[in-house]
Amino acid sequence: MVRAMKHIKVEEVMSKNPRTVPGELTVKEGAELLKKNRVSTLIIEEEGRPVGIVTDRDFVVKVVAEGLPLDTKLREIMSSPVIMIPHDESLSDAAKIMTRRKIRKLPVVKDEKIIGILSENDIAKISPDLIALAQEYANLHRENSEREKIKEYVAGKCEACGQYSLRLTMYKGMLVCPECLDAMQ
Ligand SMILES: [Zn+2]
């Protein structure tokens, strides 16, 4: 691997075929799905829209450590909203988002679809130092993080036009869809 990290795109490294499940599944059912599908992340969907994310770590930190019953719904332990990254962004930007957001899994979006999941482990396999570098970078740039041009997506309703999108981005304090962003810039 000789290319610099900023030239490796997240879609080259992510795991494909993300597993999407309804939020009313129980944590027991969710854990069984992780095992059966050999994945570590579930995207939680309501009415066909991603509303949260549950990772293997949530089962330890939220279910076991807090002694939640096994019939707890996945929507009660999911992290929300879902923070995502465009498919053609770089691994180093992905590392920066993970560090800044304190998350270890990053769904990858192409058009209006989640096409994969990038994990901190996926990054570490290619560049063991990248997460640590991102941490250092975040510390250095804490004050002016607003000015950083790292692209991350959030799922939800556009605060300008009200339309649902997987690709909302923050612009002048508002979460807006790509169309409204174009119009505002
Ligand atoms: Zn809009």
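What you are looking at is a predicted structure, and each value in this text was computed from that prediction instead of being measured.

**As for the overall build of the protein**
Reasoning step 1: The helix and strand tally for the protein stands at eight helices and 10 strands.
Reasoning step 2: For the protein, whose C-alpha radius of gyration is 17 Å, the value lies close to the compact-globule estimate of 16 Å for 185 residues.
Reasoning step 3: Referenced to the eigenvectors of the C-alpha coordinate spread, the extents of the protein come out at roughly 45 × 40 × 30 Å.
Reasoning step 4: By residue count, 29% of the 185 residues in the protein fall in the buried class.

**Remarks on the pairing of strand E3 (residues 41-46)**
Reasoning step 1: As defined by bridge partners, strand E2 (residues 19-22) adjoins E3 across four bridges and the pair is classed as parallel. Considered in E3, the bridge of Arg-19 is made with Leu-42.
Reasoning step 2: Following the backbone out of E2, through helix H2 (residues 27-37) and into the adjacent parallel E3, one traces a crossover that is right-handed.
Reasoning step 3: Where E3 hands over to strand E4 (residues 49-55), the hairpin turn is made up of two residues, of which Glu-47 adopts a positive phi near 50°.

**Describing the environment of Ile-115**
Reasoning step 1: On the secondary structure map, Ile-115 appears in strand E7 (residues 113-119).
Reasoning step 2: Using a count of 15 C-beta atoms within 10 Å as the deciding quantity, one classes Ile-115 as partly exposed.
Reasoning step 3: Residues Ile-115 and Asp-58, spaced 57 residues apart in sequence, show a C-alpha to C-alpha distance of 22 Å.
Reasoning step 4: Aside from chain neighbours lying at most four places away, what touches Ile-115 is Lys-16, His-87, Val-108 and Lys-110.

**Section: the domain arrangement of the protein**
Reasoning step 1: Here the protein is partitioned into domain 1 (5-147) and domain 2 (153-184).
Reasoning step 2: For domain 1 versus domain 2, the separation of C-alpha centres amounts to 21 Å.
Reasoning step 3: Taken together, the contact pairs 11 residues of domain 1 with eight residues of domain 2.
Reasoning step 4: Of all the secondary structure elements, the ones that give two or more residues to the side of domain 1 that touches domain 2 are E4 and strand E5 (83-86).

**Some thoughts on the nonpolar core**
Reasoning step 1: Counting residues in hydrophobic clusters, the biggest one holds 37 residues, and the most contacted among them are Met-84, Ile-85, Ala-94, Leu-106, Val-108 and Leu-118.
Reasoning step 2: The element best represented in this core is helix H5 (residues 91-101), accounting for five residues.
Reasoning step 3: The contacts of Leu-118, once residues within four sequence positions are left out, are Val-10, Val-13, Met-14, Ile-85, Ala-94, Leu-106 and Val-108.

**Let's talk about the sheet that holds E4**
Reasoning step 1: Read across the sheet, three strands follow the order E2-E3-E4 without closing on themselves; strand pairing throughout is mixed. Of all the strands in the sheet, the pair left with one neighbour each is E2 and E4. Here the average twist between neighbouring strands, direction ignored, is 35°.
Reasoning step 2: Here six bridges tie E3 to E4, and the two strands are oriented antiparallel to one another. The residue of E4 that forms the bridge with Glu-46 is Arg-49.
Reasoning step 3: Each of E2, E3 and E4 is contacted by H2, which is oriented at about 160° to E2, the strand it contacts most.

**Some details on the sheet that holds strand E10 (residues 174-176)**
Reasoning step 1: Here we have seven strands laid out as an open sheet, ordered E1-E7-E6-E5-E8-E9-E10, and mixed in their pairing. Among the strands making up the open sheet, the edge pair consists of strand E1 (15-16) and E10.
Reasoning step 2: Pairing of E5 with strand E8 (residues 153-157) involves two bridges; the strand directions are antiparallel. Each bridged residue has a counterpart across the sheet, and for Met-84 the counterpart in E8 is Tyr-153.
Reasoning step 3: Contacting E5, strand E6 (105-110) and E7, H5 runs over the sheet at an angle of about 170° to E5.

What counts and how
Residues numbered from 1 in each chain as written. Predicted model: local features only at pLDDT ≥ 70, side-chain atom pairs only at ≥ 80, totals over all residues. Helix = DSSP H or I, 4+ residues; strand = E, 2+ residues; numbered from the N terminus. Rg over C-alpha atoms; globule rule 2.2 N^0.38 Å. Buried ≥ 20, exposed ≤ 12 C-beta atoms within 10 Å, placed from the backbone. Pairing = 2+ DSSP bridges. Right-handed = clockwise from strand over helix to strand, strands pointing away. Contact = placed C-beta atoms within 7 Å. Domains from an automatic or database assignment. Core = buried A, V, L, I, M, F, W, Y, C linked by C-beta atoms within 7 Å. Axes fitted to C-alpha atoms, helices over the stretch in contact; angles between N-to-C directions.

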